[in-house]
Amino acid sequence: MSNFRWNYRCILFLLSLLDILTILVCYPAKSQAELPKSNASTAEVEVKKPPEAVVNQTVETSIAPLSSEKATNNITGAVTPVSQLLEIAPRTRKKATNNVAGQVTSVSQLSDIKPTDWAFQALQSLIERYGVIAGYTDSTFKGNRALTRYEFAAGLNAALDRLNELIATSTTDLVKREDLDTIKKLQEQFSPELAQFRRRLDTLETRTAKLEATQFTTTTKLIGRGQIVIGSVLEGNNVLTKKPAAHNITLQGSTSLRLNTSFNGKDSLGITLGGGNIESLGQTRAGLLGTFEGRTADNSSITFARNQILLSGVRYRFLPYPNTQVNIYALSDGASEIGLSGPINPYFESSSATGANGISRFSRRSLVYNYGDSGPGIAILQGLGKQVQFGIAYSAPNGNNPTPNNGLFTGRYLALAQLIYYSSNRNFRVAATYVNTYSPANTRGLSGTNFGPAVGSNLVNSTVAGAGTVANLYGLQAFYQINPKLAINGWVSYGAHRYLGHGDGEAMDWAVGLAFPDLFSEGALGGFLVGMEPKIISLTKGVNLGAGAGQADKDTSLHVEAFYQYKIGDNIEVTPGLIWITAPDSDVSNPDSLFAWVRTVFRF
């Protein structure tokens, strides 16, 4: 009740100020010298806020289209609704409400205000007589919300503007003697509260000054993520030795620190530091299972040292034009940087900044995105109206290496183009993607592979020794939010490989996923996905990828995954999940594999 009462009391306080100033008008001989001078425009009043680039709201985490509008807190216009300044409140993980304020002309327009409310008459006077109160677009006033200093300043400014208007137009007859008497009584009745409010403002001012003096920086935000995972293989063999894999339970972890800096309010420099010791259950013909199938999304890079904090991402993002976003990155990949996979798989993919929601790497992305690897490059996202986005990216996984068959333009590369269509209400989107990639012979990226998606069968991640490999990849992805509690997404991808000097091969994958937001609890998320991880579906006779000349993957392996993400407050989430692989390595002679995984994430 404290917030409820204080909000209404502050309304009375504003009303008191309005009518006290009116008294000064009625008795100019005594108080005319104390009237405020109002020649300055109210547009000069600006809420001071550290610059925050729109691009800091990374595209990969947002379903909304790219926007170049910079959020400001300027108080503009002759009458400023108090609730406009609610936008400066700290963000929460709760569902956003519509906080856009609109002027009302009658108290009856506010659905949550009743004649029995103790401050009804005060609200009625402020709205219908003075016109200085605004409501929300859902026709509510929300009287139980706490008042901020910004809201108080906006309300007082509106009251002063209205008074100046009355003075200028000689309409002081709108102020009645009984109102002045009522205000005088209210002022006397609430004098202890007003004094307490003044003391609280002074305390807040002191605390704010102390925070500003000791804060990290006014232009840089630090986003941290730490995670602890418990995992185990429950069933399954090593596909090479055909012997049962060890069923040992492991406890592992990783951390990530992301620094986002804005220099002019429309750009962002992102630096990511990270490290951990979460081991992959398998790799191409190596590891516990002898295959990348079922690879978890949390694995540390194969080529990075364990338990060391390393630089894992550097990028600069800016908006040269209102609907154009440019990312230049020294260590990242283009699909992540402009969020090409996030909008069509938001509940599984999440983002490169916040980590994955899905348990496996396969559940996050289709084949067309997985051939990429971390390295330098450039990515551009162009908005074509409100419902279409076009993105292109060029990445060179070994672009930092000056040796032969490496470098930015002479070594391994990936060039990507994608067109995304959004429905007008944003609940449906579809994307068409094309990728051209090349890998010279005997090179390796940070994923540990020379070529391939680093998920799926051993053959799809293999090349011919001593030969370079070229691929053209095509993907179609879609997402549909059926209702707030249910969403479906899916994709199908095709890859045409050419093993230079030897022959051709074809790869394919597909998946269908269901997401259940707020399952059993607000903020929770359930997910279920079934699909076929990438595999070689055909191979010409001149190509031997390790299974024999012209031998493609002979069987179909299915990937079945389920997880449930439960939030403990805004900053902690626990996600248990299972991954079931049938016919591992696309070979029905291999018994099914089953993994259990429990991820706990801490965000700060």
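Residues numbered from 1 in each chain as written. Predicted model: local features only at pLDDT ≥ 70, side-chain atom pairs only at ≥ 80, totals over all residues. Heavy atoms only, no water.

Chemist: Looking at this structure, I do not really get the confidence of the model for the protein chain. What am I missing?
Modeler: Low-confidence regions, as indicated by low pLDDT, have predicted coordinates that should not be scrutinised in detail. Summarising the model, the protein chain shows a mean pLDDT of 78, and 78% of its residues fall at 70 or more. Within the model, pLDDT remains below 50 along residues 1-6, and this stretch shows 12 contacts once partners closer than five positions in the same chain are excluded. Note on residues 23-101: pLDDT is under 50 here. Beyond four places in sequence and across chains, it has 145 contacts. (pLDDT = per-residue confidence, 0-100. Contact = heavy atoms within 4.5 Å.)

Chemist: Would you take a moment to explain the pattern of salt bridges for this structure?
Modeler: Should the charged atoms of two oppositely charged side chains come close, the side chains can pair. As enumerated under the stated definition, the model contains eight salt bridges in all. For the salt bridge of Arg 364 with Glu 349, the shortest nitrogen-to-oxygen distance reads 3.4 Å. Of this pair, Arg 364 sits in the loop between α8 (346-349) and α9 (367-370) while Glu 349 sits in helix α8, placing them 15 residues apart in sequence. The class of Glu 349 is buried, set by a relative accessible area of 3%. For Lys 554, the salt bridge goes to Asp 587, with nearest N and O atoms at 3.9 Å. A residue pair is termed long-range when its members are at least 10 positions apart, and Lys 554 in the loop between β15 (525-539) and β16 (559-568) and Asp 587 in the loop between β17 (572-581) and β18 (593-603) qualify at 33 residues. Each of the salt bridges in this network shares a partner with another, and the network as a whole consists of Lys 242, Lys 554 and Asp 587. (Salt bridge = Lys/Arg side-chain N within 4 Å of Asp/Glu carboxyl O. Helix = DSSP H or I, 4+ residues; strand = E, 2+ residues; numbered from the N terminus. Buried < 20%, exposed > 50% of the residue type's maximum accessible area, 1.4 Å probe, protein only.)

Chemist: Explain the pairing of strand β13 (residues 486-499) to me, please; I cannot follow it from the model alone.
Modeler: Remember that side chains alternate between the two faces of the sheet whenever the strand is regular. Bridge count for strand β12 (residues 469-483) against β13 is 14 bridges, and the pairing is antiparallel. Counterpart to Gln 481 in the pairing with β13 is Ala 487. Between β12 and β13, which pair antiparallel and follow one another directly, the connecting turn spans two residues. Inspection of the sheet shows β13 paired to strand β14 (residues 503-517) by 13 bridges, in the antiparallel sense. Counted as the bridge partner of Arg 498 is Asp 504 from β14. (Pairing = 2+ DSSP bridges.)

Chemist: Hey, could you run me through the nonpolar core in this one?
Modeler: Grouped burial of nonpolar side chains is what soluble globular proteins tend to show. One finds Tyr 371, Leu 416, Ile 536 and Leu 545 to be the most contacted residues of the largest nonpolar core, which totals 32 residues. Those elements giving two or more residues to this core turn out to be α9, β8 (375-383), β10 (413-422), β11 (428-439), β12 and β15. Broken down by element, the residue count for this core peaks at four residues, all from β10. With near-sequence residues (within four places) excluded, Leu 545 lies in contact with Arg 285, Leu 459, Ser 462, Thr 463, Val 464, Tyr 499, Ile 536 and Leu 539. In this structure, Val 233, Trp 491, Phe 595 and Trp 597 belong to the second largest nonpolar core, which totals 22 residues. (Core = buried A, V, L, I, M, F, W, Y, C linked by side-chain atoms within 4.5 Å.)

Chemist: In this structure, what is going on with the packing of aromatic side chains? I would like to understand it.
Modeler: In this description, a pair of aromatic rings is defined by centroid distance and the angle of the planes. Inspection of every chain in the model, using the stated rule, returns 12 aromatic pairs. The interplanar angle of 25 degrees and the centroid separation of 6.4 Å between the aromatic rings of Tyr 474 and Tyr 494 together place this pair among those described as stacked. With Tyr 474 in strand β12 and Tyr 494 in strand β13, the pair connects residues that are 20 residues apart, well separated along the chain. Take Tyr 474: its relative accessible area is 40%, and that puts it in the partly exposed class. An aromatic cluster of at least three residues, connected via ring pairs, comprises Tyr 394, Phe 409, Tyr 413 and Tyr 438. Taking the ring centre of Tyr 422 as reference, the NZ or CZ of Arg 426 above it sits at 3.8 Å. (Phe/Tyr/Trp six-rings, centres within 6.5 Å; stacked < 30°, edge-to-face > 60°. Lys NZ or Arg CZ within 6 Å of the ring centre and 35° of its normal.)

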